[in-house]
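Listed below are the residues making up each chain.
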Amino acid sequence: MTPATTPNVNVSAAALKNQNNLIPRPQSRVPAPGMFVLTATTALQVQTGNAELKRIADAFAAPLRRATGFPLPVSLGDDARGNFLFTLVDDPTLGDEGYELRVTADGVALRAHKPAGIFYGTQTLRQLLPAPVEQATLQTGAWDIAAGTIRDVPRFVWRGTMLDIARHFFKVQDVKRYIDVLAYYKLNRLHLHLSDDQGWRIEIKSWDRLATHGGSTAVGGAPGGYYTQDEYRDLVNYAAERCIQIIPEIEMPGHSNAALASYAELNADETARSVYTGTDVGFSSLAIDQANTYQFVDDVIRELAALTPAPYIHIGGDEAHSTPDDAYIRFIERVEKIVHAHGKQMIGWEEIARANLSPTTLMQQWKSDAVADAVKRGARVILSPASKVYLDMKYDPSTKLGLDWAGIVDVKTSYAWEPSTEIAGVAESDIVGLEAPLWSETLVTRADIEYMAFPRLIGIAEIGWSPEKNRAWDEYKNRLASHGARLRAMGVNYFASPQVPWE
Ligand code: ACM
């Protein structure tokens, strides 16, 4: 590394505080004397041979240039010229997402086994810098980074959130803004709820009325809308550049009124339903014993699979109250074969645990311990306990947005729980990870999404990433308090919960 002109043996209180306040809390952090100070001569060097590393470094440097006004050039090279060195190393103990970050007075060395680890290391670096670094305009420094070594790997591979774009429709640009914040907290899955009774939100070329007719409505008569396949691909790529997999969900056999309104032949009585703008659940069902239904499912999953680099397709399966039990089970087992035929694995809400399914199918728990039986047969689980992580539940009885059927979910409730003891019969090794759903019956704008998601989703991101032994609410709430300035700098409309001593 090129030595800094003035080695800093002392560390500023602000830099030390930033290092103490990382979220998610790193697996290990060893502070060292001194700090690195970003200046007009700071340069980044990226190891040659991996285009993704260069892209990640450029994406890290661009907003930094805007806030600092420094040129911060990014060069390719293997001769350690530069103050920030990004390098891939053959260290399988770092896994697919882990990283090691060493900060000294001379510079910053970021190493990972895979590019995603470098990406997460750059998110940590953003949090080590002062909050104004997140501003879109030129700020006055100082740009101090406290010295030390951070070695960090996530606890769970699945750290997600779900956004319901069916009850209300959200444009691609709004979802991109949401993705930016998800990535900042090292979440890596965005499950999009692409269809429901109130709207169908993805273009399906072989059944075009799904989007053009089924997508024309939303709850309460709000504007509908849908993503063209090109727009969807753009969103998938945007997420992938931030190490987030988009997981598409099409609801079946229930929550299907938008499809039933678009095509008469999907209904048992061959009569198209009216579009629906209310919020009841459980009244719609695909016709289980009609050939058309399986042609529809096959076409939709084929087109969706082609748009999905992730290995999973989510088929819903919840609250099919208008589908007889035996028909439901037959249907789900048949749909699983269709998903497999298109080269994907299946995910369904916990109700699918009643069917006899492949152990590769993921069960998404949300309201009960119904998944425990499937776990005995080898299934693995995504945990989304509604009373803890449903982001559409109110923070307190006075919250204007949201619902309360699963209870009041304050910031502490969403943080102070432990996945491995949440469901009897579901152990750590049975859990692929967590997902916090955000249903949109009451949410209309991006500001509404942000208000319900943040700050709760930040704590859920920490549960997914950090070891349990590093987590306690009384300590966490102070770290979270310091993130208020970061969220404000990013323009995020978070809820300033009175449980948190915001700074
Ligand atoms: C659900 O909340 N119906 C999965």
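First, a word on scope: everything that follows refers to the structure included in this document. The structure presented is a predicted model; accordingly, all values stated were derived computationally and were not measured.

### With respect to the nonpolar core
Here is step 1 of the chain: Formed by 143 residues in total, the largest nonpolar core has its most connected members in Y178 and W200.
Here is step 2 of the chain: In terms of residue count, helix α4 (residues 172–184) provides more of this core than any other element does, eight residues in total.
Here is step 3 of the chain: The contact partners of Y178, leaving out residues within four places of it in the chain, are T161, L163, L190, L391, L438, I449, A453, F454 and L457.
Here is step 4 of the chain: In this structure, A386, A406, V409 and W439 belong to the second largest nonpolar core, which totals nine residues.

### Observations regarding empty space enclosed by the protein
Here is step 1 of the chain: Evaluation of the coordinates by the stated rule reveals one cavity of 30 Å³ or more.
Here is step 2 of the chain: For the largest cavity, the calculated volume is near 50 Å³.
Here is step 3 of the chain: Forming the walls of the largest cavity are L357, S358, P359, M363, A374, R377, G378 and A379.
Here is step 4 of the chain: Here the residues of the lining of the largest cavity are counted per class, giving five nonpolar, two polar and one charged.

### Notes on the pairing of strand β4 (residues 84–88)
Here is step 1 of the chain: Of all five residues that make up β4, four are buried, and the element is covered over most of its length.
Here is step 2 of the chain: Bridging between strand β2 (residues 44–46) and β4 involves three bridges; their strand directions are parallel. What sits directly across from L44, in β4, is F84.
Here is step 3 of the chain: Examined bridge by bridge, β4 and strand β6 (residues 107–112) share five bridges and lie parallel to one another. Within β6, the position partnered with F86 by the bridge is L110.

### Describing the sheet that holds strand β9 (residues 189–193)
Here is step 1 of the chain: Spatial strand order, β8-β9-β12-β13-β14-β15-β16-β17: eight strands in a closed barrel with parallel pairing. Strand-to-strand, the axes of this sheet are offset by a mean angle of 30 degrees, without reference to chain direction.
Here is step 2 of the chain: With four bridges joining them, strand β15 (residues 362–365) and strand β16 (residues 380–383) adopt parallel strand pairing. Bridged to M363 within β16 is V381.

### Quick look at the packing of aromatic side chains
Here is step 1 of the chain: All told, the structure shown has 26 aromatic pairs when counted by the stated rule.
Here is step 2 of the chain: Ring pairs connect the aromatic residues W349, W366, Y390, W405 and W439, which therefore count as one cluster.
Here is step 3 of the chain: Across the ring face of W158, the terminal group of R189 is positioned such that the distance to the ring centre comes to 4.7 Å.
Here is step 4 of the chain: Across the ring face of Y238, the terminal group of R242 is positioned such that the distance to the ring centre comes to 3.5 Å.

### Notes on the side chain of S414
Here is step 1 of the chain: Within the secondary structure, S414 sits in helix α12 (residues 411–415).
Here is step 2 of the chain: Judged by its relative accessible area of 1%, S414 falls in the buried class.
Here is step 3 of the chain: What S414 contacts, discounting residues up to four positions off in sequence, is K388, V409, R456, I460 and I463.

Cut-offs and rules
Residues numbered from 1 in each chain as written. Predicted model: local features only at pLDDT ≥ 70, side-chain atom pairs only at ≥ 80, totals over all residues. Heavy atoms only, no water. Core = buried A, V, L, I, M, F, W, Y, C linked by side-chain atoms within 4.5 Å. Buried < 20%, exposed > 50% of the residue type's maximum accessible area, 1.4 Å probe, protein only. Helix = DSSP H or I, 4+ residues; strand = E, 2+ residues; numbered from the N terminus. Contact = heavy atoms within 4.5 Å. 1 Å grid on protein atoms, 1.4 Å probe; cavity = no way out; pocket = protein on both sides within 12 Å on 5 of 7 lines; lining within 4 Å. Points joined across faces, edges and corners; volume = space filled by probe spheres on them. Nonpolar A, V, L, I, M, F, W, Y, C, P; charged D, E, K, R; others polar. Pairing = 2+ DSSP bridges. Axes fitted to C-alpha atoms, helices over the stretch in contact; angles between N-to-C directions. Phe/Tyr/Trp six-rings, centres within 6.5 Å; stacked < 30°, edge-to-face > 60°. Lys NZ or Arg CZ within 6 Å of the ring centre and 35° of its normal.

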